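Listed here are the chains, written in short residue letters.
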Amino acid sequence: MLQTVFIRENREKVIEALGKRGLDATGMVDEVIALDEKRRSTQVELDTVLSESNKLSKDIGGLMKAGEKEKAMLLKEKTGQLKEQSKDLGDELNRVSEELQQLLYKIPNIPADIVPAGKTADDNEEVYSEGDIPTLFEGALPHWELAKKYDIIDFELGTKIAGAGFPVYKGKGARLQRALITYFLDKNTEAGYKEYQVPHLVNEASGYGTGQLPDKEGQMYHVGMDDMYLIPTAEVPVTNFFRDVIVQENELPVLCTAYTPCFRREAGSYGAHVRGLNRLHQFDKVEIVRVEHPDNSYAALDGMVEHVKMLLQELKLPYRILRLCGGDMGFTAALTYDFEVFSTAQDRWLEISSVSNFETFQANRLKLRFRDKDGKNQLAHTLNGSSLALPRVLAGILENYQTPEGIVVPEVLRPYTGFDIIN
């Protein structure tokens, strides 16, 4: 979340920046400033009352020692009144602080200066593209038909045992899926990311820490009896490693990678573009997460973009990179680059990665700080990216690599699959 002091000292800048998201934040910003003023004035009043009460308590002790019991009792009566007053002020301070906190949770991150204004994906900026779109043979099929033809993904069986959006991978389909996961993890660890295996359920504090709550509450699967959430991405458990943590400046950057299944309700998603692997309730993803010094975070973001580019170059998939506009960017991000692969059989672009810098937005929620060389604690910057999300990468491979004889496995994956064609 945004820092209160930053909002107070940069009111116009915050309102203007949030306007890039298509959001008129004037009312929320002014309410934050008013609540913060009320909180601070209440705190001053409470401190004054407590200071006076402490002083009178010392005076009472002196009077009792001096034998002036009557004066001491009068002061004692007054301290009782001050204690009642301090209790009321404490309750008011807690109420105002909680109201302020809940309001701050609802305000998205302010976009970086280079983020274009806009409301929808139509306003995103293409900043890079690479790879030739293959010309497919007559009779080429979309991936959901290829999956059925070669018996490698069973959507109907997944619907039977769970529901739509929970596919079952079979035979060479399962092995290709496993190969992709291992390949992505190997490339990430070669690049210096430390691999983790993490819980697939998180508590409410973790959801708030990375900003999924309260913003994405309706999109997360909630286990009500235990008040836990199925993770929508490995970003949530991995970034929460650092909740309430102070790292030393010389320990930065911290690089993490993890493979997890991801669970998303995808409420409201429907139509032709959600067929097959295009949009699922459960899917596999390999994630990279970085904790960075604020001075280095945008150079780190550029490095993450180059890393994802390398993966797609090795897979020989045609792709493009978009700089998201304010209205299409996630709640927590200051700057996001989306990667999309071209699905030749569907004749459309499929998003397969988002790489984002959150600046201090998550760190402020997490209380993630680093101690600088002067011994002062500062908020770190957090970043994350898909490296990569599997379903649409797999869809792109199945469709773009299909031939009349079968689906050719990308050369870089063959050491992992043990076969070079699905037929």
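Residues numbered from 1 in each chain as written. Predicted model: local features only at pLDDT ≥ 70, side-chain atom pairs only at ≥ 80, totals over all residues. Heavy atoms only, no water.

### Some details on the environment of V236
Note the threshold: Think of it this way: any DSSP run of H or I at least four residues long counts as a helix, any run of E at least two long counts as a strand, and we number them from the N terminus. The buried label applies to any residue whose accessible area, calculated with a 1.4 Å probe on protein chains only, is under 20% of its type's maximum; exposed applies above 50%, and partly exposed to all values in between. Every residue pair with non-hydrogen atoms within 4.5 Å of one another is taken to be in contact.
Position of V236 relative to the elements: it lies in helix α9 (residues 235-239). With a relative accessible area of 0%, V236 lands in the buried category. Sequence-wise, V236 and G131 are 105 residues apart; in three dimensions their C-alpha atoms are separated by 32 Å. With residues up to four places along the chain from it excluded, the contact list for V236 reads V202, S206, G207, T210 and Q212.

### Some points on the nonpolar core
Applicable threshold: For this analysis, a nonpolar core means a set of buried residues of the types Ala, Val, Leu, Ile, Met, Phe, Trp, Tyr and Cys, connected via side-chain atoms within 4.5 Å.
Grouped together as the largest cluster of nonpolar side chains are 61 residues, with contacts concentrated most on I153, L180, F184, L312, L315, F339 and V393. Here the element with the most residues in this core is helix α10 (residues 297-315); it accounts for eight residues. Setting aside residues no more than four positions away along its own chain, V393 makes contact with L180, F184, L315, L317, I352 and L388. Counting residues in each nonpolar core, the second largest holds 27 residues, with V32, L104, Y208 and L213 among its members.

### Observations regarding the environment of G385
Mapped onto the secondary structure, G385 falls in strand β16 (residues 381-389). You can call G385 buried: its relative accessible area is 0%. Spatially, the C-alpha atom of G385 lies 9.6 Å from that of T257, the residues being 128 residues apart in sequence. Beyond its immediate chain neighbours, meaning those up to four positions away, G385 contacts V286, E287, I288, M304, S354 and V355.

### Some points on the side chain of R320
Applicable threshold: Think of a polar contact as two N or O atoms within 3.5 Å of one another; within protein, one of them needs to be a possible hydrogen donor and the other a possible acceptor, and neighboring residues in sequence only count if both atoms come from side chains.
By the secondary structure assignment, R320 is in strand β11 (residues 319-323). Relative accessible area serves as the criterion here: at 18%, R320 is assigned to the buried category. For R320, the side chain forms a polar contact with the side chain of E340, separated by 2.7 Å. Not counting residues up to four positions away in its chain, the partners in contact with R320 are E126, Y128, S129, D338, F339, E340 and W349.

### Topic: the sheet that holds strand β17 (residues 402-403)
Rules: Any two strands with at least two DSSP bridges between them are considered paired.
Overall, antiparallel pairing links the three strands, which are arranged β17-β18-β19 in an open sheet. Pairing within the sheet leaves two strands with one partner each, and these edge strands are β17 and β19 (421-422).

### Looking at the pairing of strand β10 (residues 282-292)
Each regular strand shows side chains that alternate between the opposite faces of the sheet. A large share of β10 lies buried, amounting to 10 of its 11 residues. As paired elements, strand β9 (residues 254-263) and β10 share 10 bridges and run antiparallel to each other. Across the sheet, the residue bridging to Y259 is V286, located in β10. Of the pairings in the sheet, the one linking β10 to β16 comprises seven bridges and is antiparallel in character. What sits directly across from I288, in β16, is G385.

### Points about the pattern of salt bridges
Our working definition: A carboxyl oxygen of Asp or Glu within 4 Å of a side-chain nitrogen of Lys or Arg is what we treat as a salt bridge.
Applying the stated criterion to the full structure yields 22 salt bridges. The residue R11 makes a salt bridge to D30 at a minimum N-O spacing of 2.6 Å. With R11 in helix α2 (residues 11-19) and D30 in helix α3 (residues 26-65), this residue pair connects regions lying 19 residues apart in the sequence. Judged by relative accessible area, R11 falls into the partly exposed class, the value being 27%.

### Here's the deal with α10
Counted only if it meets this: Each residue after the first adds 1.5 Å to the expected span of a helix.
In this model, α10 (19 residues) spans 27 Å end to end at C-alpha, consistent with the 27 Å of a helix rising 1.5 Å per residue. Along α10, the residues that are buried comprise S297, A300, L301, M304, V305, H307, V308, K309, L311, L312 and L315. In the segment just after α10, K316 is the residue with positive phi, at about 55 degrees.

### Points about the sheet that holds strand β8 (residues 246-248)
Basically, it comes down to this: As a rule, the C-alpha atoms of each element are fitted with a line to give its axis, helices using only the stretch in contact, and angles between N-to-C directions run from 0 to 180 degrees.
Spatially, β8-β14-β15 is the arrangement adopted by the three strands of the open sheet, whose pairing is mixed. The open sheet is flanked by β8 and β15 (377-379), the only strands paired with a single partner. Sheet twist, expressed as the average angle between the axes of neighbouring strands with direction ignored, equals 35 degrees. Sheet topology places β8 next to strand β14 (residues 369-371); three bridges connect them, and they run parallel. By the bridge assignment for β14, V247 is matched with F370.

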